[in-house]
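What follows is each chain in one-letter form.
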Amino acid sequence: MTKLLIASVYEYLDLFGSQNTITTASAIDAMIYHYKDISMVNFYVAQFNQELFVVQFDDLYINIYENELSFKRSFKFSDVTDEVIEIRFKLHIIEENSIGNLIHYACLSKSDLLKDEDSHDRKISEIKANTWYQRNKHLQLIYSDVHIDYNV
């Protein structure tokens, strides 16, 4: 299952450009579309069609640092386990050990849409209006791989 989740992220990155030439803008678009388009229930039902999956929560966290973009999709099914599954994806802008200061943070949550169907669009617009994003949106990124964490 881990390999399939990782492949799904890379598939979206490829839709928005080669993995070797991905930019800040295309990375953010790819992760937002992955979040909006891929239903975790459908993803798991396709693999385990005898099981019942009900999502308790499904959130996408976007952190913009001086030297790094960080994405975390965190979801949990309503079942007897406490297992939370996280897809973590970090993109490095320059090769440095420090990530720098946090510049912008956003969380897209499926539950937000129940209260305000435009909340995701507003948050995405805030990210794209950020001066750091405007200055670096065409910058090609050096990025690390995707990690899947279980039982977080």
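Residues numbered from 1 in each chain as written. Predicted model: local features only at pLDDT ≥ 70, side-chain atom pairs only at ≥ 80, totals over all residues. Heavy atoms only, no water.

Examining the pattern of salt bridges
In this structure the tally under the stated criterion is 8 salt bridges. Salt-bridge contacts for Asp29 lead to Lys128; the nearest nitrogen and oxygen are separated by 2.6 Å. Separated by 99 residues along the polypeptide, Asp29 in helix H2 (residues 24–37) and Lys128 in helix H5 (residues 119–129) bring together distant segments of the chain. One salt bridge in this structure joins Asp58 and Arg73, with 2.7 Å as the shortest N-O distance. Remark: Arg73 occurs in strand S2 (residues 68–77) and Asp58 occurs in strand S1 (residues 55–65); sequence separation between them is 15 residues. As far as burial versus exposure is concerned, Asp58 and Arg73 are alike and both buried. Shared partners join several salt bridges into a network, and the residues in it are Lys72, Glu86, Arg88 and Asp149. (Salt bridge = Lys/Arg side-chain N within 4 Å of Asp/Glu carboxyl O. Helix = DSSP H or I, 4+ residues; strand = E, 2+ residues; numbered from the N terminus. Buried < 20%, exposed > 50% of the residue type's maximum accessible area, 1.4 Å probe, protein only.)

Focus: the pairing of S2
Counted residue by residue, S2 has 9 buried out of 10 residues, so it is predominantly covered. As judged from the 9 bridges shared by S1 and S2, these two strands associate in the antiparallel manner. Considered in S2, the bridge of Asn63 is made with Ser70. Between S1 and S2, which pair antiparallel and follow one another directly, the connecting turn spans 2 residues. Note: S2 against strand S3 (residues 84–92), 9 bridges, orientation antiparallel. Paired with Ser74 across the two strands is Glu86, which belongs to S3. (Pairing = 2+ DSSP bridges.)

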